[in-house]
Amino acid sequence: MTTFALIGAGPGLGAAVARRFGRQGFDIALISRSRPRLDTLVAQLGEDGITARGFVADVLDTATLDAALDAASSTLGPIEVMQYSPVPHKDFMKPVLETTAADLEGPFAFSVRGPVTAVRNVLPGMRELGRGTMLFVNGGSAVQPHAERAGTSIAFAAESAYARLLHDQLAQDGVHVAQLIIPGAIMAGDARKDPEVLAGLLWDIHRERTGFRHFAEPLES
């Protein structure tokens, strides 16, 4: 049995993706800053017969993220799929002309140091398995910069570049790296951006293993 590690576990998209991968036979490692949130999700998944465990970490504190991923693989088994999709902090979204160099430290830690830490932790296990998937989930500002959301626009672009480089370098190792762009808000009941619909899309990206960048819906010009 292998593990799906979800970095940024929450009650919306995170819960839906955990259910989808859990129903396909993966054990689920949920990683979040909130122990109560983790305990609730673990209980809900358990009611569906899915094996899940929660691990507390903050992606801004790479030592805690590294420790959580170590504990996940030790507790549940090797990590075959990793999804990086924590929700950005609101203070990352200042207008560009009000954004200082110091304002970018948090977004870069969130979108670059966090992903690099996660990748370097799970990659040796994926190589040992001979297969793996890394899924990066970003908002539309990753590919269409928004002047009112400078921090995420700049840092998501850096995360996108890193993930694209991984996609090109790791295919030879049987590791598929892909990005899902979700423009705007995730909305229950929406034909394209309902959490369950997005979870199905992420499962398809993992299963089909084609291409790097995918869109939940087309970006508005």
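In what follows, the accompanying structure is described. (Residues numbered from 1 in each chain as written. Predicted model: local features only at pLDDT ≥ 70, side-chain atom pairs only at ≥ 80, totals over all residues. Heavy atoms only, no water.)

**Let's talk about the side chain of E159**
- The topology assignment puts E159 in helix α5 (residues 150–170).
- The charged side chain of E159 is buried without a salt bridge, its nearest counter-charge being R213 at 10.0 Å.
- For E159, the contacting residues outside a window of four places in its chain are Y84, S111, V112, P115, F136 and N138. (Helix = DSSP H or I, 4+ residues; strand = E, 2+ residues; numbered from the N terminus. Buried < 20%, exposed > 50% of the residue type's maximum accessible area, 1.4 Å probe, protein only. Lys, Arg positive; Asp, Glu negative; His and termini not counted. Salt bridge = Lys/Arg side-chain N within 4 Å of Asp/Glu carboxyl O. Contact = heavy atoms within 4.5 Å.)

**Structural notes on helix α2 (residues 35–47)**
- Over its 13 residues, α2 extends 19 Å from the first C-alpha to the last, a length consistent with the 18 Å expected when each residue adds 1.5 Å.
- Taken together, the buried positions of α2 are L38, L41 and L45. Looking straight down α2, one finds that the buried residues subtend no more than 70° of arc, so they occupy a single side. Across α2 from its buried face, at more than 90 degrees, point the exposed residues P36 and E47.
- Turning to α2, the residues buried within the fold contact α1 (13–23), β2 (27–32) and β3 (52–56). (Expected span 1.5 Å × (residues − 1). Arc of directions from axis to C-beta.)

Just distances and angles here, no functional claims.
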